[in-house]
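Overview (structure and organization)
Chain by chain, the residues:
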Amino acid sequence: MVSGTKTKKTKTKAKSSGNGKGSVISVCLGTGGIAAGGDKVFEKFQKVIKSKKLDTATGKRVCKTAKTGCRSLCARDVLVDVTVPGRQALTYERVTADMVPQIVEEHLVNNTPVKKWLAKDSYYKFHETQQKLILGNCGAIDPENIDEYVIKGGYKALGKALKKMTAKEVIDEVSKAGLRGRGGGGFETGAKWELCAKQDADEKFIICNGDEGGPGAFSDRSIMEGDPHALLEGMVIGAYAIGATKGYIYVRAEYPLAVERLHIAIKQAKERGFLGENILRSGYSLDIVIKEGAGAFVCGESTALQFSIEGKRGMPRTMPPQSVEAGLWGKPTCVNNVETFANVPVIINRGAKWYSKIGTKKSKGTKIFSLTGNVKNDGLIEVPMGTTIRKIVFDIGGGIPKKKKFKAVQIGGPSGGCLPESYLDKPIDYESLLEAGAMMGSGSLVVADETTCMVDMARFFLDFCAKESCGKCPPCRVGTTLMLDILIRITQGEGKEEDLETLEKMSDEINTMSLCGLGQTAPNPVVSTIRYFRDEYIAHIRDKDCPAASCVALHKYTVIPDKCTKCTLCIKNCPVDAISGSKDEVAFIDKEKCTECNLCYEKCNFMAIK
Amino acid sequence: MGKAKKQSVQVETIDLSLAEKILDKYRGEDGCLIPVLQNIQNEYGYLQESVINVVSERLNMSLSEIMGVASFYDQFHLKPRGKHIIKVCTGKACHVKKAEGLSAKVIDRLKINANETTEDRMFTFEEVPCLGACGIAPVVVVDKDVHGTLSPDKLGDVLDGYAKSSA
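None of the values given here were measured: they were computed from a predicted structure. (Residues numbered from 1 in each chain as written. Chains lettered and ligands numbered in written order. Predicted model: local features only at pLDDT ≥ 70, side-chain atom pairs only at ≥ 80, totals over all residues.)

**A short note on the overall build of chain B**
When you go through chain B residue by residue, the secondary structure sums to eight helices and five strands. Shown N-terminal to C-terminal, the secondary structure of chain B runs as helices and strands in the order α-α-α-α-α-β-α-α-β-β-β-β-α. Sorting the 167 residues of chain B into buried and exposed places 34% on the buried side. Considering only contacts within chain B whose residues lie at least 6 apart along the sequence, 63% involve residues at least 24 apart. (Helix = DSSP H or I, 4+ residues; strand = E, 2+ residues; numbered from the N terminus. Buried ≥ 20, exposed ≤ 12 C-beta atoms within 10 Å, placed from the backbone. Contact = placed C-beta atoms within 7 Å.)

Given below as structure tokens:
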């Protein structure tokens, strides 16, 4: 009788936590969420719930805490979802630990949400305007719990591929879907797999490129942290398609949370038979090992990545042979990006026909962009290929903050280019970006407003490439450094008339002669900023002026005579007595003495100083 | 030559058995140099000559080959490091949100430049290209703690906090 009662109690408890009959508090614990204090918020919820004995309550009163991955709108972290039985989940934004007791007391105990802290409509609009084929699970499931992935249909595609499809049928399906590499190259995934599958070898490798090193990109990180099983499932399907004998996931060392969650996911997948020996009793076996990068952007290049796995310096090599013929340890190797793999289960589950209806003629499916910079809604967005920049920046992104004007968007990071206002209504896909002088890259979209200097932006990206160059080939090693020297001179007011022509010529040479993609694309930001913002370069070189008032060396504080009211406030406040004038005379700033401390600008009530 | 060698010998005694254990773990694994060096650095704080000698013997690799790899990757450090590692992100999104002010704050407060360690070995300061947390730019990471949307003043408070807790 006693044991019967005990069993009944245990069953009820399991049902409550398993079937959602109790309340669930999900806290965003992606890197952004943790940085905003997500760990402390999570712990506080656990503490408060325990103190009120809600964790051990029965039936609908029980409360559970759960972790989720990135919710995409990092600007509003810490984001917390509260789901009470019978009601729709409600999201709280910008939650701090001291808000927790009130949320528990009012929302969980008394069923009265704390309205002032709930997410605004703009939060929901941000998500509703997207199409989340890949990011659907991120922020919704606990990435450290395989059950939550499986409940959402996870590993069904793997079962279908291994048991109902041949390797060739899998490749055909991915080819028909039109999936292209999401790491930057945009190469047709099906074609790559087909080339590798044809190779006859005792060993074959499949590698996931998780070395997302470009500044401004964090979509791969969010998938690895928030939905690691999607990556694993896609990888195993790909491995089966090409006949791989072993898999590697190469993750940046700077992504420790992703490394940790992938280790957990691999362990859980093996325990359930989704990985390892005789997967799902299909006869196919695969082991996946994690390799951590060691801080070299160039290791995102596939041959350099393979050398790094071999324990060597990550210096790219010439091709042929292509990696699919002879790559890691000299064996046929297929390298694909994180987001590319995450697309595979969707294609197998929904079918190529359904998938290929999304996107444009040559660029199918969705793309995840990391939207950052001078935009209201910083975060991750997933939209069909072919979406316009205007929709991304203004509808989803919320536009430019502080009423500033849109100037350009940098797409593709250090390998990409900028697109000005005239491109706002152009659809984003692989081809249209290349025509415009930009590149999809890994999907970083940095928004620049009127205060961003495009010359300085080009300098920034070139500085990055020059530092990250592996040093093997002179066009890249020497070329990027020389170009950088020119750009630094220009931003410091020491530009020469011939600099523009020199930059254009060098860009062409470096692009043509560099050994690998890093060098070949390093000049892109310079080429595209010269193409669309030539006037800014000329202003820097000829007039020693930075139109965006950004380059510090070119700051010139001058009084606008028409606006000066002769109040002498600036004169009184100048710490170096660089301003002359009086109640009868308009103020005048002596540039020789001026130290650009900005005090006069701040003190002037009439906007008479620029 | 002998004088140069003497200068490179560390004053503290080092327990090389920790390195031996790591090498045991990776015995027989092809291409294990990078994870071996990563584990060794986690254990010792940086890659010291005496420890690299052990790696060279066990893996049967020349010192030049190992140093070639150690000097290629940013993650590896050949000099001692501070108790707290400050990484100021200089990625594009952080740059657009004026991250230079944060670097300037560190330089001013701690009196060290990038890739240097304070004399009391409390802090090492680095500038890193991109930490992938662009949604909360500008970002500074101290050890494993990520601090987002920082201003120079807030950073000053953060640094004080670490200094006090380690005092």
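**A short note on the overall build of chain A**
Secondary structure summary: chain A contains 25 helices and 15 strands in total. For 610 residues, the compact-globule formula gives about 25 Å, and the C-alpha radius of gyration of chain A, at 28 Å, lands near that figure. For chain A, the residues scored as buried account for 52% of the 610 residues in total. For chain A, long-range pairs separated by at least 24 residues make up 71% of all intrachain contacts whose partners lie at least 6 apart in sequence. (Rg over C-alpha atoms; globule rule 2.2 N^0.38 Å.)

**A look at the pairing of strand β1 (residues 23-28) of chain A**
All names here are of chain A. The element β1 is largely enclosed, with a buried count of five among its six residues. Strand direction decides the pairing type here: β1 and strand β2 (residues 63-68), joined by six bridges, are parallel. Looking at β2, one finds that Val 24 is bridged to Lys 64. In terms of strand pairing, β1 meets strand β3 (residues 80-83) through four bridges, oriented antiparallel. Along β3, the bridge assignment pairs Ser 26 with Asp 81. (Pairing = 2+ DSSP bridges.)

**Focus: the sheet that holds strand β2 (residues 116-117) of chain B**
Sheet architecture is open: five strands sit in the order β2-β3-β1-β4-β5 (chain B), paired in mixed fashion. Two strands close off the open sheet at either side, each with one partner strand: β2 and β5 (145-147) of chain B.

**Description of helix α12 (residues 256-271) of chain A**
All names here are of chain A. In a regular helix each residue adds 1.5 Å, so 16 residues correspond to 22 Å; α12 covers 23 Å between its end C-alpha atoms and thus fits that length. Within the span of α12, buried status applies to Ala 258, Val 259, Arg 261, Leu 262, Ala 265, Ile 266, Gln 268 and Ala 269. Looking at the packing, one finds that the buried side of α12 touches α6 (146-151), β5 (205-210), α10 (219-226), α11 (228-242), β6 (246-251) and β7 (288-292). At the exit of α12 stands Gly 273, carrying a positive phi of roughly 80 degrees. (Expected span 1.5 Å × (residues − 1).)

**Digging into unusual backbone geometry**
Residue Val 78 of chain A follows Asp 77 of chain A across a cis peptide bond; omega there is 5 degrees. Mapped onto the elements, Val 78 of chain A comes out in the loop between β2 and β3. Of note in the backbone geometry, Arg 281 of chain A takes a positive phi value of approximately 55 degrees without being a glycine. For Arg 281 of chain A, the position within the fold is in the loop between α12 and β7. We note that Asn 115 of chain B has phi near 65 degrees; this positive angle belongs to a residue other than glycine. For Asn 115 of chain B, the location among the structural elements is in the loop between α7 (100-110) and β2.

**Thoughts on the interface of chain B and chain A**
The interface of chain B with chain A comprises 29 residues on the first partner and 42 residues on the second. Breaking the side of chain B that touches chain A down by element, the ones donating at least two residues are α3 (33-44), α5 (63-72), α6 (92-96) and β5 of chain B. Considering every element that reaches the side of chain B that touches chain A, the biggest residue donor is α6 of chain B, with four residues. In the side of chain B that touches chain A, the residues fall into 17 nonpolar, 10 polar and two charged. (Nonpolar A, V, L, I, M, F, W, Y, C, P; charged D, E, K, R; others polar.)

**Here we look at the sheet that holds β3 of chain A**
Residues and elements named next belong to chain A. Read from one edge of the open sheet, four strands run β2-β1-β3-β4, paired in mixed fashion. Sheet topology places β2 and β4 (90-92) at the edges, where each strand pairs with a single neighbour. The sheet shows a mean angle of 20 degrees between the axes of neighbouring strands, direction not considered. (Axes fitted to C-alpha atoms, helices over the stretch in contact; angles between N-to-C directions.)

**Some remarks on the confidence of the model for chain B**
All names here are of chain B. For chain B, the average pLDDT comes to 83, and 84% of its residues sit at 70 or higher. Per-residue pLDDT, averaged within each element of chain B, yields its smallest value for helix α1 (residues 2-8) (41) and its largest for α5 (96). Contacts from residues 1-11, a stretch scored under 50 in pLDDT, to residues over four places away or in other chains number three contacts. Predicted as a complex, the structure gets a pTM of 0.84 and an ipTM equal to 0.82. (pLDDT = per-residue confidence, 0-100.)

**What about the nonpolar core?**
All names here are of chain A. With 201 residues, the main nonpolar core has Leu 231, Ile 237 and Val 409 as its most contacted residues. Counting residues per element, this core draws most heavily on α11, which supplies 10 residues. Setting aside anything within four residues of it in sequence, one finds Leu 231 in contact with Cys 208, Ile 223, Met 224, Val 338, Phe 341 and Ala 342. By size, the runner-up hydrophobic cluster in this structure holds 12 residues, among which are Ile 571, Ala 578, Cys 600 and Cys 604. (Core = buried A, V, L, I, M, F, W, Y, C linked by C-beta atoms within 7 Å.)

**Comments concerning the environment of Arg 542 of chain A**
Inspection of the secondary structure puts Arg 542 of chain A in helix α23 (residues 534-542). Through-space distance from the C-alpha of Arg 542 of chain A to that of Gly 493 of chain A is 8.9 Å; in sequence the pair is 49 residues apart.

**Points about the domain arrangement of chain B**
Think of interface size as the accessible area that goes away when the parts come together; that is how it is often given. If you check the domain split of chain B, you get domain 1 (13-72) and domain 2 (84-166). Averaged C-alpha coordinates put domain 1 of chain B and domain 2 of chain B at centres separated by 29 Å. (Domains from an automatic or database assignment.)

**Things to note about the packing of helix α20 (residues 499-513) of chain A against helix α22 (residues 524-532) of chain A**
Residue and element names in this part refer to chain A. Following both chains from N to C, one finds α20 and α22 inclined at 135 degrees, their axes separated by 10 Å at the closest point. Classified by the angle their axes make, α20 and α22 are oblique. Crossing of α20 over α22 shows left-handed handedness. Mapping the contact onto sequence places Leu 500, Leu 503, Glu 504 and Ser 507 in α20 and Val 526, Val 527 and Ile 530 in α22. Across the contact of α20 with α22, the residue classes tally to five nonpolar, one polar and one charged. (Parallel < 35°, antiparallel > 145°, perpendicular 65-115°, else oblique. Left-handed = near helix turned anticlockwise from the far one by under 90°.)

**Remarks on the environment of Val 170 of chain A**
All names here are of chain A. Position of Val 170 relative to the elements: it lies in helix α8 (residues 167-177). The spacing of Val 170 and Ile 347 is 177 residues in sequence and 9.7 Å in space, taken between C-alpha atoms. Sequence-distant contacts of Val 170, defined by excluding residues within four places in its chain, comprise Ala 161, Met 165, Ile 237, Tyr 240 and Ala 241.

**Looking at the packing of helix α7 (residues 156-164) of chain A against α11 of chain A**
Residues and elements named next belong to chain A. The N-to-C vectors of α7 and α11 enclose an angle of 10 degrees; their axes lie 9 Å apart at closest approach. By the angle between their axes, α7 is roughly parallel relative to α11. Of the residues in α11, those in contact with Ala 157, Leu 158, Ala 161 and Leu 162 of α7 are Glu 233, Val 236, Ile 237 and Tyr 240. Tallied by class, the residues present in the contact of α7 with α11 amount to seven nonpolar, no polar and one charged.

**Structural notes on the pairing of β7 of chain A**
Successive side chains on a regular strand alternate, one facing one side of the sheet and the next facing the other. Judged from the five bridges that link them, β6 of chain A and β7 of chain A form a sheet pairing that is parallel. Bridged to Ile 249 of chain A within β7 of chain A is Ile 290 of chain A.

**Observations regarding α3 of chain B**
An ideal rise of 1.5 Å per residue puts 16 Å on 12 residues; α3 of chain B measures up with 16 Å between its terminal C-alpha atoms. Within α3 of chain B, burial applies to Leu 33, Ile 34, Val 36, Leu 37, Ile 40 and Gln 41 of chain B. The buried residues of α3 of chain B occupy one face: seen down the axis, they fall within an arc of 160 degrees. The inward-facing, buried residues of α3 of chain B contact α13 (302-309) of chain A together with α2 (17-25), α4 (49-59) and α5 of chain B. (Arc of directions from axis to C-beta.)

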